[in-house]
Amino acid sequence: MIQDIQTQDDLYLLVDEFYKKLLSDDSISYIFTDVVKIKLEEHLPILVTFWSQAILGTGGYSNNLTQIHLDVNAKEYLSPELFKIWLDHFFKTVDIHFKGAKAEQIKTQALSIGTIMQIKIAQQNNN
């Protein structure tokens, strides 16, 4: 039986599997491999901390999420299509591994974050 998100280990599994999907999708992987040159072993714990704070209320995340994405957008346009791909992979990864209130909460929060990012990026690009 599929369980709900309950621990940081659950979140680590989620973000690890999610990034495997992103990095194997040529339509979006270049953002992480060429533009940002992400070091996954350093990035995953930061993402786990972010989602743990958001979903489990643990605290500990202090980076400016919006500014990080605006900085990436300044290098390479983060289009609505890229956000759609990102969300699609995120939702599918959650649905494969988890079911319950926290799983629904994390998907809702991801959609909200993606929407806000797109608005901020549109504002940045219009200035």
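Note that the coordinates shown come from a computational prediction; the quantities given were computed from them, not determined experimentally.

Description of the side chain of K107
And step 1. With respect to the secondary-structure elements, K107 resides in helix α6 (residues 101-126).
And step 2. What makes K107 buried here is its relative accessible area of 11%.
And step 3. Polar side-chain contacts of K107 include one of 3.1 Å to the side chain of E104.
And step 4. Every residue in contact with K107, bar those within four places of it in the chain, is listed here: F91, V94 and D95.

A look at the confidence of the model for the protein
And step 1. On average, the protein scores 95 in pLDDT, and the residues at 70 or more come to 100%.
And step 2. Here helix α4 (residues 65-75) stands out as the element of the protein with the lowest mean pLDDT, 93, in contrast to helix α5 (residues 80-97), whose mean of 98 is the highest.

Describing helix α3 (residues 40-56)
A turn of α-helix holds 3.6 residues, and therefore any two residues three or four places apart point the same way.
And step 1. Compared with an ideal rise of 1.5 Å per residue, which puts 17 residues at 24 Å, α3 spans 22 Å between its outermost C-alpha atoms and is within 8% of the ideal.
And step 2. The complete set of buried residues in α3 reads L44, L47, V48, F50, W51, S52 and I55.
And step 3. Of the residues one or two after α3, G57 is the one with positive phi, at around 70 degrees.

Definitions and limits used
Residues numbered from 1 in each chain as written. Predicted model: local features only at pLDDT ≥ 70, side-chain atom pairs only at ≥ 80, totals over all residues. Heavy atoms only, no water. Helix = DSSP H or I, 4+ residues; strand = E, 2+ residues; numbered from the N terminus. Buried < 20%, exposed > 50% of the residue type's maximum accessible area, 1.4 Å probe, protein only. Polar contact = N/O pair within 3.5 Å; in protein donor to acceptor, adjacent residues only side chain to side chain. Contact = heavy atoms within 4.5 Å. pLDDT = per-residue confidence, 0-100. Expected span 1.5 Å × (residues − 1).

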